[in-house]
Amino acid sequence: MKTTNITQLIESWIHVSPDFRFHDAPEGKKQAVARGNMLGNDTSDPDSEGSKVYSEPQNLPTAVASLLGHVQNRANFHPTSLSSEQLAVYFQDYIKEVDNTPFFALYKNEKTKSKYESKNYNVLIDQIVSLYDGISKSDENAMKESIANMAKSVFGKESKEDWKNIFSQSTIDMTNPLQPRIFIYYTTLHMKYEKGKSEINLQEYEVNRTEYVILPDLIRAYADKLANLDKKSVDDWMGDATSPERKGAKLCFDPLATSLV
């Protein structure tokens, strides 16, 4: 019986691309928008290169950003260049590749589902932000602003049809350097646009909260092999992981004026 050890698994993850197959568009109208952000401080040395990106503890934010960049490449998940419809097609591949990353360990996976009719986007933003544990007020405001910017990627588009939208938020959490984490939050919205208006009625939403523990010791142990990956700073990764905003799109509220309920 053939066995695969951890070194072989990591080498395969680094060097062997998945066998991509053509994806059919999902049933019904579906779009996806994505955003990357970071909580806490980026302590990385911008001049570090090669194995030092992965072996030196202060460079962990850049190391994780580089790992996530590789995840996106493996999944063909490119928010900056794919249309929202194409991004929806590859979204499940992205989630699968995050799950398959040897340097992240799944810690928690939860869902929150609700139905309502409202034109008040604050409800959705408060719902998502309230699921984050133990973040500071400044980080809370940053999260609200981030989600609002993500909403601008799709709101303001007039449509005569119902759409399913996926808002995917990938977060590197370094607020506690001793317990670094990654959050993948994605909200599936069943949306109905009002003809001729930039407002929608939200009929139903489901918030998926997935938390991964980052494994710094394993990253450092395989620093020489990980040096083969393309280096990405946190800012580089956030740019690559974020869908462009729709020009001129505006929301009917101030996201920083919302309050958690």
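Keep in mind that what you see is a predicted model, and the values were worked out from it rather than measured.

Next up on the list: the overall build of the protein. The number of helices and strands found in the protein is nine helices and five strands. Along the protein, helices (α) and strands (β) appear in the sequence α-β-α-α-α-β-α-α-β-β-β-α-α-α when read from the amino end. Relative to its 261 residues, the protein shows a buried fraction of 49%. Sequence-distant contacts, at least 24 apart, represent 76% of the contacts inside the protein between residues at least 6 apart. Summed over its atoms, the accessible surface of the protein is roughly 13100 Å², and 46% of this surface lies on carbon and sulfur atoms.

Where helix α1 (residues 6-15) meets helix α3 (residues 60-75), the axes come as close as 10 Å, and the angle between the chain directions of the two elements is 65 degrees. What the angle tells us is that α1 and α3 run roughly perpendicular. When α1 is examined against α3, the residues Ser12, Trp13 and Ile14 are found in contact with a partner set consisting of Leu67, His70, Val71 and Arg74. Its residues placed into classes, the contact of α1 with α3 shows four nonpolar, two polar and one charged.

Bringing the side chain of glutamate 211 into the picture now. The residue glutamate 211 is located in strand β5 (residues 200-214) in this model. Assessed through its relative accessible area of 3%, glutamate 211 is described here as buried. Within the local environment of glutamate 211, its side chain forms a polar contact with the side chain of arginine 181, the two groups lying 3.1 Å apart. Residues in contact with glutamate 211, not counting those within four places in the same chain, are Ala105, Leu106, Tyr107, Lys108, Arg181, Ile182 and Phe183.

One pass over the full model with this rule turns up nine salt bridges. A salt bridge links glutamate 110 to arginine 209, with the shortest nitrogen-to-oxygen separation between them at 3.7 Å. Of this pair, glutamate 110 sits in strand β2 (residues 104-115) while arginine 209 sits in strand β5, and the two are 99 residues apart along the sequence. Residue classification places glutamate 110 among the partly exposed residues on the basis of a relative accessible area of 37%. Linking arginine 220 and aspartate 217 is a salt bridge whose minimum nitrogen-to-oxygen distance equals 2.6 Å. With arginine 220 and aspartate 217 both in helix α7 (residues 216-221) and three residues apart, this pair spans about one turn of that helix. Using a relative accessible area of 31% as the deciding quantity, one classes arginine 220 as partly exposed. We classify aspartate 217 as exposed; its relative accessible area is 58%. Through salt bridges that share partners, Glu110, Asp173, Arg181, Arg209 and Glu211 make up one connected network.

Reading the values: rules and limits
- Residues numbered from 1 in each chain as written.
- Predicted model: local features only at pLDDT ≥ 70, side-chain atom pairs only at ≥ 80, totals over all residues.
- Heavy atoms only, no water.
- Helix = DSSP H or I, 4+ residues; strand = E, 2+ residues; numbered from the N terminus.
- Buried < 20%, exposed > 50% of the residue type's maximum accessible area, 1.4 Å probe, protein only.
- Contact = heavy atoms within 4.5 Å.
- Areas by Shrake-Rupley, 256 points an atom, 1.4 Å probe, with all protein chains shown as cover.
- Axes fitted to C-alpha atoms, helices over the stretch in contact; angles between N-to-C directions.
- Parallel < 35°, antiparallel > 145°, perpendicular 65-115°, else oblique.
- Nonpolar A, V, L, I, M, F, W, Y, C, P; charged D, E, K, R; others polar.
- Polar contact = N/O pair within 3.5 Å; in protein donor to acceptor, adjacent residues only side chain to side chain.
- Salt bridge = Lys/Arg side-chain N within 4 Å of Asp/Glu carboxyl O.

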